Amino acid sequence: MKVKISAGIIIKTARAHMPGQFIVNCAVKSISPTVNVFESVLLARFETNAYSFHEIKNAKNQKADGILSNKTFMLTGKLEGMSRAEAKSLIEKNSKILDVGCGNGELMKYILDNISNNIRGLEISKKNVQACIEKGLTVIEGNAELDLGQFPNKSFNYVILSQTLQAFLNPEKVLYELLRVGKKAIVTIPNFGHWKVRMDLLFKGTMPVTENLPNEWYNTPNLHMCTIKDFVIFCNERELKLTNSISLSGKKVSYITKGNLNFKNLSAELGIFEIEK
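Given the structure is predicted, the values throughout are model-derived calculations rather than measurements. (Residues numbered from 1 in each chain as written. Predicted model: local features only at pLDDT ≥ 70, side-chain atom pairs only at ≥ 80, totals over all residues. Heavy atoms only, no water.)

Chemist: Explain the packing of aromatic side chains residue by residue, including any values.
Modeler: Across all of its chains, the model carries three aromatic pairs by this definition. Here Phe151 and Phe156 contribute two aromatic rings whose centre-to-centre distance is 5.7 Å and whose plane-to-plane angle is 70°, an arrangement assigned as edge-to-face. Grouping residues by exposure puts Phe151 and Phe156 together as buried. One aromatic cluster in this structure is built from Phe231, Phe234 and Phe273. (Phe/Tyr/Trp six-rings, centres within 6.5 Å; stacked < 30°, edge-to-face > 60°. Buried < 20%, exposed > 50% of the residue type's maximum accessible area, 1.4 Å probe, protein only.)

Chemist: Any details on the sheet that holds strand S6 (residues 97–100)? Residues and values, ideally.
Modeler: The eight strands lie next to each other as S8-S7-S6-S9-S10-S13-S11-S12, forming an open sheet whose pairing is mixed. Lying at the two open borders of the sheet, with one neighbouring strand each, are strand S8 (139–141) and strand S12 (252–255). Taken pair by pair, the neighbouring strands of this sheet meet at an average axis angle of 20°, ignoring direction. Looking at chain direction, strand S10 (residues 182–190) and strand S13 (residues 270–276) are connected through six bridges and run antiparallel. Within S13, the residue paired with Pro190 across the bridge is Leu270. Contacting S6, strand S9 (156–162), S10 and S13, helix H6 (residues 171–181) crosses the sheet at an angle of about 145° to S10. Running at roughly 10° to S13, helix H8 (residues 228–237) makes contact with S10, strand S11 (241–249) and S13 of the sheet. (Pairing = 2+ DSSP bridges. Helix = DSSP H or I, 4+ residues; strand = E, 2+ residues; numbered from the N terminus. Axes fitted to C-alpha atoms, helices over the stretch in contact; angles between N-to-C directions. Contact = heavy atoms within 4.5 Å.)

Chemist: So what's going on with unusual backbone geometry? Which residues, and what values?
Modeler: Residues apart from glycine generally show negative phi values, whereas peptide bonds are mostly found in trans. Here the phi dihedral of Asn94 falls at roughly 60°; this positive angle occurs in a residue that is not glycine. Along the chain, Asn94 turns up in the loop between helix H2 (84–90) and S6. A positive phi angle, near 50°, is found at Lys154, a position not held by glycine. As for its placement among the helices and strands, Lys154 is situated in the loop between helix H5 (144–147) and S9.

Right, dumping it as structure tokens:
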């Protein structure tokens, strides 16, 4: 791959390093582009603002074709816990929906425009709440672990919780609150059983850093990591009904069944579960 983008920067190669991490090699033909120029070029190439990036290598490389240097960057991003396709397949039209930990409201906005106009969010970050309001969304600032109690029983058809369950002090209590407030809960979890996570632990001996686990051990908000298999066992032991179980790996989406559970526990980056009590 060799693609000239802009500002005298050519992306020569881009290869996956871990799920959601890319090592990108760039050739530079202009004189000292600023960091901001590199950032805008790289993020435009990957068509997302969900990536953070940092330079990991800078090699002087005077060549006849005008290339002044080669730079290498690592881009680390985060997949949306539930894509538009999954939202459309799981959520019935015109349902009443609560998105818990709704972030900057991207999923909420899609649901509002395409599935149901009866959606609201609960979000702890003031910055994200402001971003949601700017999108015309109805969002309450609050801590899901403390503030779900304000909602009456079965006041929503669906309650969505995306890649946040593992960060709560008491995830079991939160899950039961979701199922109290909503007739169904849709929960997305990062899969700690993914094969690349296992490889990091086995060969590097360090806690993995991946797209869906982007923090180091000392600054991660995650308190209760689990695998897809852990979560299925957890629900089965509590007689919680999994009405839909979906695995995501990159852009590949497939169903999780009893027969393929061990394989999905190894191959999937994320698990999406529709749950009823």
